[in-house]
Structure formats: structure tokens, C-alpha cells
Amino acid sequence: MKKVLPIFVSFGILLIAFACQPKASETAETPTQPESNASFSDLKVAYVYTDSVISKYEYFKAKSEELTEKGKKFEGDLQSRARGFEQEVSNFQQTGGNMTPNQQRAKQEELLKKEQNLMTYRDNLMQELASDESNLYSEVYDKVQAYLKKYAEEEGLDLILSYTRGGAVWYGKGALDLTEEVVAGLNEEYAASSEPAK
């Protein structure tokens with residue numbers, strides 16, 4: 001999806017640029033178009049720095065911090081389990097000589113199974129954190145998109161572009177940059193929604 005969006009934005013910009021070029025056959029007596037068929041010259045465009053909007057959004061900061069704490073907790077739990085396993089392996093190495101070959105083989109199989117379980121546990125933790133991160137970004141993008149839709153309607157904008165380094169937009173007038181206003185509005189909405197009920 002991330003690769004498709006810049007293609008659509010690029011195509012839209014090219015379409016706008018092409019449509020705004022005067023045609024050789026046009027004359028000065030072109031009839032005015034009705035309101036419903038507004039021309040591209042009536043298009044009101046602005047942009048936001050996507051990474052700034054997300055990184056300064058207080059909701060994203062709070063949820064990212066929760067995710068970081070969860071990751072630290074998982075890491076501590078995993079390290080504790082790994083230390084326990086290493087201790088068990090060390091004990092086996094020290095006392096394994098006193099065991100019969102069958103006891104040694106059984107203990108080695110038990111340790112191998114515990115190692116596999118530890119790896120599976122680690123993989124499950126990593127998968128859970130990755131899923132949580134993906135869900136967070138999806139949720140944040142949905143919230144930002146909903147806010148931008150409302151903002152565009154209130155301000156009479158037809159198009160709000162996402163400005164990212166190396167993206168489809170290479171230049172934009174500073175006056176068209178809505179980043180700070182959008183961040184302030186998003187944070188205001190988040191603060192209002194997170195206030196305790198009175």
C-alpha cells in the first residue's frame with residue numbers, strides 16, 4: 001500500500017499539471033463552467049509532513065511508550081527464562097558424567113525440547129509486538145485521515161498531500177504546509193478524549 005500511494009499521488013499531480021496547461025485551440029471566449037464542474041485552477045491544495053504529524057501526535061507517543069514498556073517486559077521475561085535454561089544446561093554438563101547413557105540421552109532430549117520451546121516463545125513474543133506495532137500505525141493513520149478529512153471540509157481544501165522525503169511531492173510553498181496546525185488539532189482532540197469524565 002505504501003508503494004501504491006505515491007504512484008497515485010504522482011499520477012494525480014501530473015494530471016493536475018497537464019490539465020492546467022492552456023490548450024492551443026482555446027480562445028479567450030471560453031464559457032464559464034458550472035459550479036459542479038469546477039476547473040483544476042480552482043483546486044485548493046495543501047500538504048503535511050507525514051513523519052512530523054505522527055511523531056508529534058501525543059496519542060502516538062503515549063501508545064508507543066506503552067508498546068516500548070511491553071517490549072521491555074517481554075525482554076526481561078525472555079532473559080529470565082534463557083538464564084534458567086542456561087543454568088540447567090550447565091548443571092547437566094557438570095553432572096552428566098554421573099548419569100547412565102540412557103539418562104544422558106533422555107536429559108539431552110529434554111533440554112533440546114526446552115530450547116525449542118524457548119525459541120518458539122521468543123518468536124511468539126516478537127510476533128505479538130510486531131502485530132501491536134502494525135495495529136498502532138494503522139489506528140494512527142485512520143485517526144489522522146479522519147481528522148484531515150474534517151479539517152479539509154472546514155477549511156475548504158480539495159486535496160491534502162502527504163509530504164515525505166523522497167516521496168511524490170518535491171516542493172511545496174511554506175504557506176501550504178499544514179503540519180503544525182494538524183498536529184495541534186490532533187493533540188487537542190486526543191487531550192479532550194483522554195480527559196477523565198467529570
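Rules of the game
- Residues numbered from 1 in each chain as written.
- Predicted model: local features only at pLDDT ≥ 70, side-chain atom pairs only at ≥ 80, totals over all residues.
- Heavy atoms only, no water.
- Phe/Tyr/Trp six-rings, centres within 6.5 Å; stacked < 30°, edge-to-face > 60°.
- Buried < 20%, exposed > 50% of the residue type's maximum accessible area, 1.4 Å probe, protein only.
- Lys NZ or Arg CZ within 6 Å of the ring centre and 35° of its normal.
- pLDDT = per-residue confidence, 0-100.
- Contact = heavy atoms within 4.5 Å.
- Salt bridge = Lys/Arg side-chain N within 4 Å of Asp/Glu carboxyl O.
- Helix = DSSP H or I, 4+ residues; strand = E, 2+ residues; numbered from the N terminus.

**Here we look at the packing of aromatic side chains**
What the rule picks out here adds up to 7 aromatic pairs. Arranged with centres 5.8 Å apart and planes meeting at 75 degrees, the rings of Tyr-47 and Tyr-49 form a pair that is edge-to-face. Taking the relative accessible area as the measure of exposure, Tyr-47 reaches 5% and is therefore buried. Look at Tyr-57 and Tyr-59: their rings are 5.8 Å apart centre to centre, the planes differ by 40 degrees, and that puts the pair in the tilted class. Residues Tyr-57 and Tyr-59 agree in their burial class; the two are buried. Here a set of aromatic residues connected by ring pairs shows up, and it is made of Tyr-47, Tyr-49 and Tyr-163. If you follow Arg-81 out to its NZ or CZ, it ends over the ring of Tyr-121, 3.9 Å from the centre.

**Notes on the confidence of the model for the protein**
The pLDDT averaged across the protein works out to 81; a share of 78% of its residues lies at or above 70. Note on residues 1-36: pLDDT under 50 across the span, and 14 contacts to partners over four residues away in sequence or across chains.

**Remarks on the pattern of salt bridges**
Oppositely charged side chains can form a pair if their charged atoms are brought close together. Using the criterion set out here, one finds 14 salt bridges in the structure. Between Glu-69 and Lys-72 there is a salt bridge whose closest N-O contact spans 3.8 Å. Here Lys-72 and Glu-69 lie together in helix α3 (residues 58-95), a separation of 3 residues that amounts to about one turn. On the basis of relative accessibility, which here comes to 45%, the residue Glu-69 falls in the partly exposed class. For Glu-128, the salt bridge is made with Lys-70, and the minimal N-O distance between the two is 2.9 Å. With a gap of 58 residues between them, Glu-128 in helix α4 (residues 101-155) and Lys-70 in helix α3 connect regions that are remote in the sequence.

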